[in-house]
Amino acid sequence: MQSGNLYIVATPIGNLQDMTQRAIEVLQSVDLIYAEDTRHSKKLLLHINVKTPLSSFHDHNESHRTKELLQKLKEGKQLALISDAGTPLISDPGYHIVHQAQQEGFNVIPIPGACALITALCASGLATDRFIFEGFLPAKTAARKKYLSALQYESRTIIFYESCHRIVETIKDCIEVLGSERQIVIARELTKTFETIHNAPAAQMLTWLQQDMNQQRGEFVLMLAGYHACPEEISPEAKRMLALLMNELPLKKAAKMTADLTGIKKNRLYEYGLSISS
Ligand code: SAM
């Protein structure tokens, strides 16, 4: 008996031309396609002439469907998983099934294609050598600010998905927590008619968004430049950190540790330490 395979198939994030030939062929050849929203996916499948049966697979039925799906793999069936848009499992369901399928020794075969975060990053103008993806920020302001505070000194480019309902409030929180000068890039409606990629310091980004309601519509990827301390500047947090460490350690050691943690020059911190200890 042929062994069951699970294909993880990326679909477009807007422009249907971004469906790859390989993805179409896989979707045509499998026995069954699991889709996040079958009604939504039917339109895509119709467009690419795929007549394979569809079954629903979403957050609410993932554990029940996982058992069924594993059983089908055991029977040697060829299955595909797609989400509403882009790459399945990226802020979309499917993690448990991939994990389980691998645990049970089935092949999980990725069929690459569109993914909003990578599409946005490559055209952002921000550093691409090191980045982190944080999915969606918390919906409530207090939780969101706390989350952003924890990322304040992250030096890699930071990528979020954000909803049109929260984009303005989120930028306001970025200004409050990360400062008005932090470079922000918004990538809106990627691959669609109103695709916009806008790069500005946080305060200017807010003004730009507020001046045009159209820029607040659609789907968003939000990217923040990583933190880079000006070597001469000692932030209030670095001052607090140094003062705390100086209570426990010799100044030289405290200055070195603060420098390692913040990127501020060690000598500058040492001089500042001297000035507050005398
Ligand atoms: N799995 C998808 C992927 O590979 O990017 C992401 C799914 S997640 C539920 C949906 C979010 O991705 C949207 O709320 C938006 O933040 C982002 N997104 C999806 N399509 C987009 C597009 N065309 N332009 C900008 N952001 C998009």
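Criteria and cut-off values
- Residues numbered from 1 in each chain as written.
- Predicted model: local features only at pLDDT ≥ 70, side-chain atom pairs only at ≥ 80, totals over all residues.
- Heavy atoms only, no water.
- Domains from an automatic or database assignment.
- Contact = heavy atoms within 4.5 Å.
- Buried area = accessible area lost by both parts, 1.4 Å probe.
- Salt bridge = Lys/Arg side-chain N within 4 Å of Asp/Glu carboxyl O.
- Polar contact = N/O pair within 3.5 Å; in protein donor to acceptor, adjacent residues only side chain to side chain.
- 1 Å grid on protein atoms, 1.4 Å probe; cavity = no way out; pocket = protein on both sides within 12 Å on 5 of 7 lines; lining within 4 Å.
- Points joined across faces, edges and corners; volume = space filled by probe spheres on them.
- Helix = DSSP H or I, 4+ residues; strand = E, 2+ residues; numbered from the N terminus.
- Nonpolar A, V, L, I, M, F, W, Y, C, P; charged D, E, K, R; others polar.
- Buried < 20%, exposed > 50% of the residue type's maximum accessible area, 1.4 Å probe, protein only.
- Pairing = 2+ DSSP bridges.
- Axes fitted to C-alpha atoms, helices over the stretch in contact; angles between N-to-C directions.
- Parallel < 35°, antiparallel > 145°, perpendicular 65-115°, else oblique.
- Left-handed = near helix turned anticlockwise from the far one by under 90°.
- Expected span 1.5 Å × (residues − 1).
- Arc of directions from axis to C-beta.

(A) Spatial organisation of the domain arrangement of the protein chain. By the assigned domains, the protein chain splits into domain 1 (5–113), domain 2 (117–224) and domain 3 (236–277). Inter-centroid distance (C-alpha atoms) of domain 1 to domain 2 is 29 Å. Domain 1 puts six residues into the contact, and the matching count from domain 2 is 10 residues. Summed over both sides, the interface of domain 1 with domain 2 buries roughly 500 Å², with 62% coming from carbon and sulfur. The largest per-residue losses of area from domain 1 upon contact with domain 2 belong to Ile-13, Ile-90 and Ser-91, which jointly make up 75% of the total buried on that side. Our count for the contact surface shared by domain 1 and domain 2 stands at zero salt bridges. Inspection of the domain 1/domain 2 interface yields one residue pair in polar contact (both at pLDDT 80 or more).

(B) Inspection of the layout of surface pockets at higher detail. Its volume calculated, the largest pocket comes out at about 710 Å³. Looking at the largest pocket, it is lined by 32 residues, and the ones nearest its centre are Ile-13, Asp-84, Ala-85, Gly-86 and Glu-219. Here the lining of the largest pocket takes four residues from helix α2 (residues 38–47), the largest share from any one element. Looking at the lining of the largest pocket residue by residue, the classes come out as 15 nonpolar, nine polar and eight charged. When residues are assigned to domains, the lining of the largest pocket turns out to be shared by domain 1 (5–113) and domain 2 (117–224), each giving three or more. There is about 410 Å³ of room inside the second largest pocket. Lining the second largest pocket are 23 residues, with Leu-178, Glu-181, Arg-182, Tyr-227 and His-228 sitting closest to its centre. When grouped by side-chain class, the residues that make up the lining of the second largest pocket number nine nonpolar, nine polar and five charged.

(C) Structural view of the pairing of strand β8 (residues 183–188). Burial within β8 is extensive, with five of its six residues counted as buried. As paired strands, β8 and strand β9 (residues 196–201) are joined by six bridges and run antiparallel to one another. When the sheet's bridge partners are listed, Val-185 is paired in β9 with Asn-199. Relative to strand β10 (residues 220–224), β8 is paired through five bridges, and the arrangement is antiparallel. Along β10, the bridge assignment pairs Ile-184 with Leu-224.

(D) Looking closely at the packing of helix α10 (residues 251–262) against helix α11 (residues 266–277). At their nearest, the axes of α10 and α11 sit 8 Å apart, and the two run at 135 degrees to each other. Judged by the inter-axis angle, α10 sits oblique to α11. With respect to the hand of their crossing, α10 and α11 are arranged in right-handed fashion. Only Lys-266, Leu-269, Tyr-270, Gly-273 and Leu-274 of α11 make contact with α10, whose side of the interface consists of Leu-251, Lys-252, Ala-255, Lys-256, Thr-258 and Ala-259.

(E) Structural detail: helix α3 (residues 62–74). Taking 1.5 Å of rise per residue, 13 residues should cover 18 Å, and α3 covers 18 Å from first to last C-alpha, within 8% of that figure. Along α3, the residues classified as buried are Glu-62, Arg-65, Thr-66, Leu-69, Leu-70 and Leu-73. Relative to the axis of α3, the buried residues are bounded by an arc of 140 degrees and lie together on one face. Close packing links the buried residues of α3 with β1 (5–9), β2 (32–35), β3 (54–56), β4 (78–82) and α4 (95–103). Gly-76, located one to two residues past α3, shows a positive phi value of around 90 degrees.

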